[in-house]
Amino acid sequence: MKNIIGIFLISILVSVGLQAQTNPIKETSSPKGWLIQTKSSAYQITVDEKGNVLPLFYGGDALSDLKGRKASGRERIYEVPVRGGFANKTPALEVVFPDLVRDIDLEFVKAEIIDIDQRKALAITQKDRFYPLLVISYIRVIPETDILEKWIEVKNTGKKGNIRIENLQSGSIFLPGNAYLLTHQAGQWGHEFMLKEDLLTPGIKTLQSRDFKAFDAPSWFMIQPKDRAGKFSGPAWFGALQYSGNRRTDFDVSYMNELQIVTGINFWDTWWNLEPGKTFATPKFVIGYTENGSEGAAQQMSAYVRKNILPEKFRDKLRPVLYNSWYATTFYVSEEQQLKLAQVAKDAGVEMFVIDDGWFKGRVNDHAGLGDWTVDKNKFPNGLNPMIEKINAMGMDFGLWIEPEMVNPNSDLYRAHPDWAFHFPNRTRREWRHQLMLNLAREDVYQYLLKSYTDLLSQNNIKFIKWDHNRALSEPGWPDAPADKQREVRIRYIENLYRLIDELRNRFPDVWFESCSSGGGRPDIGMLSRMDQVWTSDNTDPLDRLFIQYGYLSALPANTMVAWVTDHIQNTSLEFTFDVMMSGVLGIGNDLSKWGDTEKKIAKEKIALYKEIRPLVQQGTAHRLISPFEDYRSAIEYVAEDASSAVVFCYNLADFLARSRPDTSGSNLLQLRGLDDNKEYRIEYCGIPADQQPQNTFTGRYLQEVGIGWPIKGEGKSRIIKIKAD
Ligand code: DGJ
């Protein structure tokens, strides 16, 4: 009997699961509303008898008693909270109507289940009860990566008079009362992606950017109930905004510990005048839920970025091993010297040779040249092509650094168009790294940049662009613009930035793009939907990098995390440095003219090993087994989707402390994850001769439940382990 019930239950679950796959959005009658299901989450919305649209539930309760749940105690909460009525919520929409009324009152109009780019979406239309304002809130389901995308469109349906948007966020989510832990990234130049944890208490915690730099607060966050905040199990909600301009995220906690999370464009010192007949659409707020703890959250978010966000052209391609000559030659570049470096790079196995800053007109140092995007004839009298041809003949592609959004006052561009830089009259134009920011909201600036790079890319065989952005915004004035447009400048800037990248990618589809902003200052998924990878940090010290890279992988996939081996090594070795950088997109940044036979041999062997394990690192699932934030060791494992192989990176930060502090490192055994219990795996410890390898076949179950012995001794030592099913 038990068996029959079991089979019956399984068949119900299977059919509900299948139904969720093909039809993730269902209309419900009691309560009246919609239920959206992904593999691990459910999002439920209702419309009450007064026409209010209310979120009921978001979490992992997909198959339980959602039906009939009441919004008890949560009447104040709306799917699109607005400024209007009582001010007891964080609004996602604040407007001023032409007659200066500042209060919105929405009512339900209709809901439709529609297809947007072959994915199902729920579009709920509401309108103001009096004024010509239409609000459409979307929830789109990405079933294959278990993600929801929320955004809002606002339309002025009137015939005359602008509606001024003073604030429009991408969406809001609500979690029931609980003591919640917030985890987010924060940092500064050289120390990006540090993980910070906060217990949320009643009040509002805001993470935001106001100067186009994301160091302080990249938009990714994760929420876990305090008493079940597990690494590999337990509920976790996470989210990020698909936007590269200024952002804000508010975590608004009531006295009963109910949590409202609202995120979107930061409307600080910003407005948007919505003309009659016009629509404003927000960027997407991406959210997910897992019951596999913080690692589950990281894996789900990374898979979404890798499979749904990255530009399609190179989405499934392996990222090339690149050499970048910045740290070797800085601004002092010449054809002869770069070709010498290229020869060593090629012998080591590099696939893409990149010249960084310094190649363009007048760029003798960081005081001059930005804005003049033609090749410096003093450094390259024959132009770039003869050099590129030789590099191509060595079997490598060629790439170049640019910084489109900036201008040095000492440049032809600035001398001709000083008004193209952001400025206010009667205010100092503050320089940062001797440069100003161009006002890309201007059409003439956009057209100039498009032409400059179209010329550059069509006249030279360039296959890779590193797109840098090295200063924060100040004096964001646009005196030439009509008064009602001036505060739209930041939003228009980002619109044109996206338009510029999109048009260049469209014109030059074979070029790879890397996002950089003084290191990892612009790593958002808005950029990553246009850029193939990210320069993670200017800090290339391998010990520091273990922390930076661990934090990065909380939200983003390893095939976007560019990591160079450089000469900046303290207390460790070239081998260790390679092993750290090989856990992302490997690059080399050393002064290769200083390499002797030993370094060349190490590099050649490591790059060959990287190419062998690259599909796992770049396309496998990352399991961060040991965090350097919590231990004196660090370990990360990448597993193939079919669990047929894996690679494990093990690092010792401080060996003595690790051994004498069992409270952190625990036993000397490392339990692996993501393997198939029933498969037999062969283990190969890289760097150990075949006849000295320890016992080398184990079942997946043994490797996951018992584990392998910690494979290294000594501070600053590392080991890479290859694992393959027999
Ligand atoms: C800052 C970047 O992070 C560096 O990698 C390098 O490209 C410099 N800019 C060049 O000016």
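This report concerns the structure included in the present document. (Residues numbered from 1 in each chain as written. Predicted model: local features only at pLDDT ≥ 70, side-chain atom pairs only at ≥ 80, totals over all residues. Heavy atoms only, no water.)

What follows concerns helix α11 (residues 542-552). Burial runs high along α11: nine of the eleven residues are buried. Residues of α11 that are buried: Pro 542, Leu 543, Arg 545, Leu 546, Ile 548, Gln 549, Tyr 550, Gly 551 and Tyr 552. Taking the backbone nitrogen of Leu 543 as reference, a side-chain oxygen 3.0 Å away marks Asp 541 as the first, capping residue of α11. (Buried < 20%, exposed > 50% of the residue type's maximum accessible area, 1.4 Å probe, protein only. Helix = DSSP H or I, 4+ residues; strand = E, 2+ residues; numbered from the N terminus. Polar contact = N/O pair within 3.5 Å; in protein donor to acceptor, adjacent residues only side chain to side chain.)

In this section: the pairing of strand β31 (residues 621-626). For β31 and strand β32 (residues 633-639), the ladder comprises five bridges, and the chain directions are antiparallel. Looking at the pairing, His 623 lines up with Glu 637 of β32. The loop that links β31 with its antiparallel partner β32 comprises six residues. (Pairing = 2+ DSSP bridges.)

Attention shifts here to the sheet that holds strand β35 (residues 680-685). Across a sheet, strands are paired by hydrogen bonds formed along the backbone, either parallel or antiparallel in direction. An order of β31-β32-β33-β38-β35-β36 is seen for the six strands of this open sheet, with the pairing classed as antiparallel. Sheet topology places β31 and β36 (697-699) at the edges, where each strand pairs with a single neighbour. On average, each strand axis in the sheet is inclined to that of its neighbour by 25°, with strand direction left out of account. With seven bridges connecting them, β32 and strand β33 (residues 645-652) associate as antiparallel partners. (Axes fitted to C-alpha atoms, helices over the stretch in contact; angles between N-to-C directions.)

Another aspect to go through is the packing of aromatic side chains. Counted by the stated rule, this structure contains 32 aromatic pairs. Seen from their ring centres, Tyr 638 and Phe 649 are 6.0 Å apart, and the 90° between their planes marks the pair as edge-to-face. On the criterion of sequence distance, the pair formed by Tyr 638 in strand β32 and Phe 649 in strand β33 is long-range, its members being eleven residues apart. A single burial state applies to Tyr 638 and to Phe 649, both of which are buried. (Phe/Tyr/Trp six-rings, centres within 6.5 Å; stacked < 30°, edge-to-face > 60°.)

Formed by 178 residues in total, the largest nonpolar core has its most connected members in Ile 223, Phe 353, Trp 359, Trp 467, Phe 578 and Phe 649. Per-element accounting of this core gives the leading share, nine residues, to helix α9 (residues 489-507). Dropping the residues within four chain positions of it, Trp 359 is found in contact with Val 333, Trp 373, Thr 374, Val 375, Asp 376, Phe 380, Leu 400, Trp 401, Ile 402 and Leu 456. Core analysis: the next-biggest nonpolar cluster, separate from the first, contains 22 residues, Val 639, Leu 670, Leu 675 and Phe 698 among them. (Core = buried A, V, L, I, M, F, W, Y, C linked by side-chain atoms within 4.5 Å. Contact = heavy atoms within 4.5 Å.)

Interhelical geometry of helix α5 (residues 335-348) versus helix α6 (residues 385-393) gives an angle of 10° and a closest axis separation of 10 Å. Judged on the interaxial angle alone, α6 and α5 are roughly parallel. Together, Glu 335, Gln 338, Leu 339 and Ala 342 of α5 and Pro 386, Met 387, Lys 390 and Ile 391 of α6 make up the contact between the two elements. When its residues are assigned to classes, the contact of α5 with α6 shows five nonpolar, one polar and two charged. (Parallel < 35°, antiparallel > 145°, perpendicular 65-115°, else oblique. Nonpolar A, V, L, I, M, F, W, Y, C, P; charged D, E, K, R; others polar.)

Where charged atoms from two side chains of opposite charge come close, those side chains can pair. On inspection of all chains with the given rule, the structure shows 51 salt bridges. Measuring nitrogen to oxygen at the nearest pair gives 2.5 Å for the salt bridge that ties Glu 144 to Arg 119. Of this pair, Glu 144 sits in the loop between β8 (133-142) and β9 (147-156) while Arg 119 sits in strand β7 (residues 119-128), and the two are 25 residues apart along the sequence. The partner of Glu 335 in a salt bridge is Lys 390, and the shortest N-O contact between them spans 3.3 Å. One end of the pair, Glu 335, is in helix α5; the other, Lys 390, is in helix α6, and 55 residues separate them in sequence. Salt bridges sharing common partners tie together Asp 105, Glu 107, Lys 127 and Arg 129. (Salt bridge = Lys/Arg side-chain N within 4 Å of Asp/Glu carboxyl O.)

Time to look at the site of the ligand. Neighbouring residues of the ligand: 13 residues in total, closest Asp 356, Asp 357, Lys 466, Asp 468 and Asp 538. In this structure, an oxygen atom belonging to the ligand sits 2.5 Å away from a side-chain N or O atom of Asp 538. Coverage of the ligand by the protein chains reaches 97% of its 290 Å² of free accessible surface. Taken together, the residues of the shell around the ligand sort by class into four nonpolar, three polar and six charged. (Near = heavy atom within 4 Å. Areas by Shrake-Rupley, 256 points an atom, 1.4 Å probe, with all protein chains shown as cover.)

This part is about the pairing of β7. Across the ten residues that make up β7, a large majority, eight, are buried. Sheet topology note: the strand β6 (residues 106-116)/β7 ladder contains ten bridges and is antiparallel. Of the residues in β7, the one forming a bridge with Lys 110 is Thr 125. Once β6 ends, the chain turns through two residues before running back antiparallel as β7, passing Asp 117 with a positive phi of about 45°. The sheet contact formed by β7 and β8 spans seven bridges and is antiparallel. Pairing of Ile 124 across the sheet is with Ser 137, part of β8. With antiparallel pairing between neighbouring strands as the criterion, β7 and β8 make up a hairpin whose turn holds four residues.

A cluster of nonpolar residues, Leu 669, Tyr 702 and Val 706, forms a patch on the protein surface that exposes about 230 Å² of accessible area. Within the fold, Leu 669 resides in strand β34 (residues 669-670). A residue is classified by how much of its surface remains accessible, and Leu 669, at 38% relative accessible area, is partly exposed. (Patch = residues over 30% accessible without salt bridge, like charges linked within 9 Å, V, L, I, M, F, W, Y side chains within 5 Å.)

Let's shift gears to the sheet that holds strand β1 (residues 25-29). A sheet is described by the order of its strands in space; here four strands give the open sequence β1-β2-β3-β4, paired in antiparallel fashion. A single partner strand is all that each edge strand has here, and the edge strands are β1 and β4 (53-59). Within this sheet the neighbouring strands show an average axis-to-axis angle of 20°, counted without direction. In terms of strand pairing, strand β2 (residues 32-37) meets strand β3 (residues 42-47) through five bridges, oriented antiparallel. Residue Trp 34 lies in a different strand from β3, and its bridge partner there is Ile 45.

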